[in-house]
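# Structure assessment
Read off the chains here:
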Amino acid sequence: MNKRVLIVGLGLIGGSVALGIKQQHPDSMIIGYDRSEANLETAKRLFIIDEGCTDWLEAAKDADLLLLATPVEVTKQLLVDLADVSLKDGVIITDVGSTKGSIMKAASALVEKGITFIGGHPMAGSHKSGPASAKAHLFENAFYMLTPFSDTPPHQLEQLKDWLRGTRAKFMTLDADQHDLLTGVVSHFPHIVAASLVRQTKRYAESFEEINDLAAGGFKDITRIASSSPEMWKDITKQNRAHLLTFLDEWMEEMKDVRSWVAQGDDHELYSYYAGAKEYRDALP
Ligand code: NAD
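Residues numbered from 1 in each chain as written. Predicted model: local features only at pLDDT ≥ 70, side-chain atom pairs only at ≥ 80, totals over all residues. Heavy atoms only, no water.

## Remarks on the site of the ligand
We count it as follows: Proximity is defined per residue: if any heavy atom of the residue lies within 4 Å of a molecule or strand, that residue is considered near it. As used in this structure description, the phrase polar contact means that two N or O atoms lie within 3.5 Å; if the pair is within protein, one of them must be able to donate a hydrogen and the other to accept it, and residues adjacent in sequence are counted only when both atoms belong to side chains. Note on areas: Shrake-Rupley, 1.4 Å probe, and residue coverage restricted to the protein chains presented here. Secondary structure elements follow DSSP: runs of H or I of four or more residues count as helices, runs of E of two or more count as strands, with numbering from the N terminus. As a working rule, the residues Ala, Val, Leu, Ile, Met, Phe, Trp, Tyr, Cys and Pro are called nonpolar, Asp, Glu, Lys and Arg charged, and the rest polar, with Gly in that last group.
Residues in close proximity to the ligand total 27 residues, the closest being Asp34, Asn39, Thr70, Ser98 and Gly130. Between the ligand and the protein, one listed contact pairs an oxygen atom with a backbone N or O atom of Thr70 at 2.8 Å. Within the complex, 85% of the 830 Å² of free accessible area of the ligand lies under protein. Among the secondary structure elements, those contributing two or more residues to the shell around the ligand are α1 (12-24), α4 (72-82) and β6 (116-122). Counted by class, the shell around the ligand contains 13 nonpolar, 12 polar and two charged residues.

## Concerning the packing of helix α7 (residues 176-205) against helix α10 (residues 230-239)
Test applied: Axis geometry follows a simple rule: fit a line to the C-alpha atoms, using only the stretch in contact for helices, then measure angles between N-to-C directions, giving values from 0 to 180 degrees. Roughly parallel refers to an angle under 35 degrees, roughly antiparallel to one over 145, roughly perpendicular to one between 65 and 115, and oblique to any angle outside these ranges. Two helices cross in a left-handed way if the nearer one is turned anticlockwise from the farther one by less than a right angle. They cross in a right-handed way if the turn is clockwise. Contacts were defined at the residue level, with two residues in contact if any of their heavy atoms lie within 4.5 Å.
Where α7 contacts α10, the two axes come as close as 11 Å, and the packing angle between them is 120°. Between α7 and α10, the angle falls in the class oblique. The handedness of the crossing between α7 and α10 comes out as left-handed. When α7 is examined against α10, the residues Ser187, His188, His191 and Ile192 are found in contact with a partner set consisting of Trp233, Ile236 and Thr237. Residues of the contact of α7 with α10, tallied by class, amount to three nonpolar, four polar and no charged.

## Remarks on a nonpolar patch on the surface
For the record, the criterion: Each patch is built from residues that are more than 30% exposed by relative accessible area and take part in no salt bridge. Like charges join if they lie within 9 Å; nonpolar side chains (Val, Leu, Ile, Met, Phe, Trp, Tyr) join within 5 Å. In the sections that follow, a salt bridge refers to a side-chain nitrogen of Lys or Arg positioned within 4 Å of a carboxyl oxygen of Asp or Glu.
Taken together, the side chains of Met123, Phe143, Met172, Leu181, Leu182, Val185 and Val186 present a nonpolar region at the surface, about 550 Å² in accessible area. The element that contributes the greatest number of residues to the nonpolar patch is α7, accounting for four residues. Along the chain, Leu181 falls in helix α7.

## Re the packing of aromatic side chains
Pairs of aromatic rings are described using the distance from one ring centre to the other and the angle between the two planes. How we decide: In this analysis, rings of Phe, Tyr and Trp, with Trp reduced to its six-membered ring, are considered paired at centre separations within 6.5 Å, and the interplanar angle assigns stacked below 30 degrees, edge-to-face beyond 60, and tilted for intermediate values. Partly exposed describes any residue whose relative accessible area lies between the buried limit of under 20% and the exposed limit of over 50%, with all areas from a 1.4 Å probe on protein chains only and scaled to the type maximum. When the NZ atom of lysine or the CZ atom of arginine is within 6 Å of a ring's centre and also within 35 degrees of its normal, the charge is said to sit over that ring.
In the structure shown here, the tally under the stated rule is six aromatic pairs. Geometrically, the ring pair formed by Phe189 and Phe247 is edge-to-face, given 6.1 Å between the ring centres and 70° between the ring planes. Here Phe247 lies in helix α11 (residues 241-264) and Phe189 lies in helix α7, a separation of 58 residues in the sequence. Note on accessibility: Phe189 and Phe247 belong to one class, buried. Centroid distance Tyr273 to Tyr274: 5.8 Å. Interplanar angle 70°. Geometry classified as edge-to-face. Lying over the aromatic face of Phe143, Lys170 brings its terminal NZ or CZ to 4.6 Å of the ring centre.

Take a look at the structure:
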């Protein structure tokens, strides 16, 4: 019998992973569910899924792979809802959420029942949302983070990678807290800083409208991510609170140092500050 994949949440990410799975596993049957009827219809019309369903918990019973691609707070509730369902032997459940700590906590009740849950986070995206923006190659060459539990059977992890191979992403396996620390440093914290730079510029633009023309090249490069969804980033900031509080404290300390070097006109420290950043930035792959 053909393997069955159930995807809950047929937006940009769920739709793109679905297309990737189908490329590598054309014989699998991809069933989709979305609380938005319009998104479900679009996913069917664009052949992102083979079939839609209206009762996802019923469809979950026959699934070999269950991918939860909803906002993180929703995914946590879906994991709770799944705890009472009798699932197929060997089923793998995964998600795509941008933070992993609270998801893994919510999944632990399922894992205690012997069900395999492996957290997932394909690290690419777009400011667009919904199934119409889904692309089979959205994750090509991007990192796809996988966060198994410490006792996840290795063959289940390999099986999940096999399911996801058609995304052409590069897998990286790490534990959930490490995931939240690393993505906090390279992604979540920079969103806070980018928003603050834009907000400061906006304050000055209220008095000097020329700023709107001058805020081009470099400013746009460094603040591109400030155009991301406020709803999504509010949630990510709350979910990764502990790490972000540490980064904010460390950064404010560093800014205090920078302030004093600026106030004193300290050539040596200011040069080292920029040179140290340039050296690391230039060496990034
Ligand atoms: P999206 O808005 O494009 O898709 C989310 C889909 O979930 C929508 O179709 C929505 O109708 C559906 N949904 C919401 N609540 C539901 C419910 N209760 N039951 C069923 N369906 C429901 O958003 P997206 O960008 O695809 O984000 C989905 C997940 O992917 C989030 O957890 C996000 O953290 C993660 N993620 C996003 C990006 C990105 O850049 N957009 C990147 C990596 C991971």
